[in-house]
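Analysis of the macromolecular model
Below are the chains, spelled out letter by letter.
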Amino acid sequence: MPYRCDFTIGVRETQDFYISLTLKHWWKGLLGFGGVGALAAVMYMMRTALPMPLRAALTVGAALAAAGMAALVLVVSTRQKVKEQIRRSGRESYIQETEINGFGVHVTVGKKKARLAFENLLRVRETRKAFYLFLSEQQAWILPKRQMEDAQEESEQLRTIFRTVVERKRLELKG
């Protein structure tokens, strides 16, 4: 059952984390931007003689374009903010020694050690790029998949551990 790995958490991993938080927070807003894009397309096409299938396609295209542009703005803005914060902190990256065993999650960064029982984890979220072990809404330990020796096997091992010891309602796993 125990899992152990050292991860290098740098700008890229931090940006990915904050982008995932931002997009999850703004999903309703992105739907709203899509709705506004669709509405704008419908309004512009009201007096045209375009066939209905073309109108529908243009409406869907406008909705996707509006939502996509809003998402792009959020991603670029978040990336820049994180990069600036990291630059100001003077710490580009750090090694996060992670051990997950029957007693909880143990993380060491430099000389600082932290231990958290599974019941105290706020949430465990898996994305395409990483596992995030949330300590609070804005803070998590990051386990980047691309740094795992065998990402598929280790991801399955982590899913098995988390499904065994973390309440289902606090899990957001892919597999």
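Provided above is the structure to which this section pertains.
Residues numbered from 1 in each chain as written. Predicted model: local features only at pLDDT ≥ 70, side-chain atom pairs only at ≥ 80, totals over all residues. Heavy atoms only, no water.

Points about the environment of Phe162
Convention followed: Going along the chain from the N terminus, every DSSP run of H or I of four or more residues is numbered as a helix, and every run of E of two or more is numbered as a strand. Working definition: with a 1.4 Å probe on protein chains only, accessible area under 20% of the residue-type maximum means buried, over 50% means exposed, and in between means partly exposed. Between two residues, a contact is recorded if the distance between any of their heavy atoms is within 4.5 Å.
Here Phe162 shows up in helix 4 (residues 151–165). Relative accessible area serves as the criterion here: at 0%, Phe162 is assigned to the buried category. For the pair formed by Phe162 and Phe118, sequence separation is 44 residues and the distance between their alpha carbons is 8.5 Å. Phe162 has contacts with Ile100, Phe118, Val124, Phe131, Leu133, Leu171 and Leu173, leaving out every residue within four places of it along the chain.

Some points on the packing of aromatic side chains
Let me state the cut-off plainly: Under the pairing criterion, centres of Phe, Tyr and Trp rings, with the six-membered ring standing for Trp, must be within 6.5 Å; the plane angle then separates stacked pairs below 30 degrees from edge-to-face pairs above 60, leaving the rest tilted. Placement of a positive charge over a ring is assigned whenever Lys NZ or Arg CZ falls within 6 Å of the ring centre and within 35 degrees of the normal to the ring plane.
Under the defined criterion, the tally for this structure stands at four aromatic pairs. Relative to Tyr18, the ring of Phe17 has its centre 5.0 Å away and its plane inclined at 70 degrees; by these criteria the two rings are edge-to-face. Among the residues examined, Tyr18 registers a relative accessible area of 27% and is labelled partly exposed. Centroid distance Phe17 to Phe134: 5.7 Å. Interplanar angle 45 degrees. Geometry classified as tilted. Taken together, the residues Phe17 in helix 1 (residues 11–25) and Phe134 in strand 6 (residues 130–136) connect sequence positions 117 residues apart. For the pair Phe17 and Phe134, one class covers both residues: buried. Three or more aromatic residues joined by ring pairs form one cluster here, namely Phe17, Tyr18, Tyr132 and Phe134. In this arrangement the basic side chain of Arg123 is found over the ring face of Phe134, its NZ or CZ atom lying 4.2 Å from the centre.

Observations concerning the sheet that holds strand 7 (residues 139–144)
Here is the rule: For two strands to pair, DSSP has to find at least two bridges joining them. Comment: axis = line fitted to C-alpha atoms, over the contacting stretch for helices; angle = value between 0 and 180 degrees taken between N-to-C directions.
Strand order in the open sheet formed by four strands is 7-6-5-8, with mixed pairing between adjacent strands. Since the sheet does not close on itself, it has two edges, and those belong to strand 7 and strand 8 (171–172), each with one partner. Against the sheet, helix 4 makes contact with strand 5 (123–126), strand 6, strand 7 and strand 8, and its axis sits at roughly 35 degrees relative to strand 6, the strand it touches most.

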